[in-house]
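# Per-entry structural report
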Amino acid sequence: MHSVVERELELNLVLSPEHSIPVPARLTYRTDDPYAVHIAFHIGSDAPVHWTFARELLVEGIFRPCGHGDVRIWPTKVEGRQVLCLALSSPDGDALLEGPSAALSAWVERTLRVVPPGTEAGRLGLDGALTALLAPAAADELWLRDPWPSDGSADDA
């Protein structure tokens, strides 16, 4: 059975050093996808904007700057508050979001209790899936037989 760890919280979309707007977000961690975290941003459009990236990136980003390319995360202080910055880049544009470090850290800690680091691969069920994939089916018998048996019949003479 798979578990889900979710948290709804408000992040701030930074528009300039002086201005930001609140953005409701839902963080989701699923044990059937143990290496990833999923964030859905509810920006007032018909459908939320979804991002998925490595849980390990978020874990490290709580303590020090990390990531490159599409997702970068780092801790900082803004007006005396501890925040976690999340910089997202895509062909559609770039966004800088800030979230409360304590709330994000607590949520990450919950995911780490559900699936401790280093145990993710055991959650994927790859051994069972590989066994099922490679198991011969009844129809495989037809393919495994020699279509031109050399049975020593009169045709060989």
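For the structure, check the block above.
Residues numbered from 1 in each chain as written. Predicted model: local features only at pLDDT ≥ 70, side-chain atom pairs only at ≥ 80, totals over all residues. Heavy atoms only, no water.

### Some thoughts on unusual backbone geometry
- Backbone geometry places Glu79, a non-glycine residue, at a positive phi of 50°.
- Position of Glu79 relative to the elements: it lies in the loop between strand S6 (71–78) and strand S7 (81–90). (Helix = DSSP H or I, 4+ residues; strand = E, 2+ residues; numbered from the N terminus.)

### Some thoughts on empty space enclosed by the protein
- For the structure on display, the rule yields one cavity of 30 Å³ or more.
- When its volume is computed, the largest cavity comes out at roughly 80 Å³.
- At the level of elements, S7 and strand S8 (93–100) are the ones that each hand at least two residues to the lining of the largest cavity.
- Take the lining of the largest cavity: its biggest share by element is three residues, from S8.
- Taken together, the residues of the lining of the largest cavity sort by class into eight nonpolar, one polar and one charged. (1 Å grid on protein atoms, 1.4 Å probe; cavity = no way out; pocket = protein on both sides within 12 Å on 5 of 7 lines; lining within 4 Å. Points joined across faces, edges and corners; volume = space filled by probe spheres on them. Nonpolar A, V, L, I, M, F, W, Y, C, P; charged D, E, K, R; others polar.)

### Focus: the environment of Thr31
- Within the secondary structure, Thr31 sits in the loop between strand S2 (20–30) and strand S3 (36–41).
- The spacing of Thr31 and Arg123 is 92 residues in sequence and 6.7 Å in space, taken between C-alpha atoms.
- Residues contacting Thr31, with those up to four places away along its chain left out, are His2, Ser3, Val114, Val115 and Arg123.
- A polar atom in the side chain of Thr31 sits 2.7 Å from the backbone nitrogen of Ser3. (Contact = heavy atoms within 4.5 Å. Polar contact = N/O pair within 3.5 Å; in protein donor to acceptor, adjacent residues only side chain to side chain.)

### Side note on the pairing of S6
- Inspection of the sheet shows strand S5 (residues 66–68) paired to S6 by three bridges, in the antiparallel sense. Each residue of the ladder has a partner; that of His68, found in S6, is Val71.
- Linking S5 to S6, which pair antiparallel, is a turn of two residues; within it Gly69 sits at a positive phi near 80°.
- For S6 and S7, the ladder comprises eight bridges, and the chain directions are antiparallel. Within S7, the position partnered with Lys77 by the bridge is Gln82.
- In textbook terms, the turn of a hairpin is the stretch between consecutive antiparallel strands, and for S6 and S7 this stretch comprises two residues, one of which, Glu79, has a positive phi near 50°. (Pairing = 2+ DSSP bridges.)

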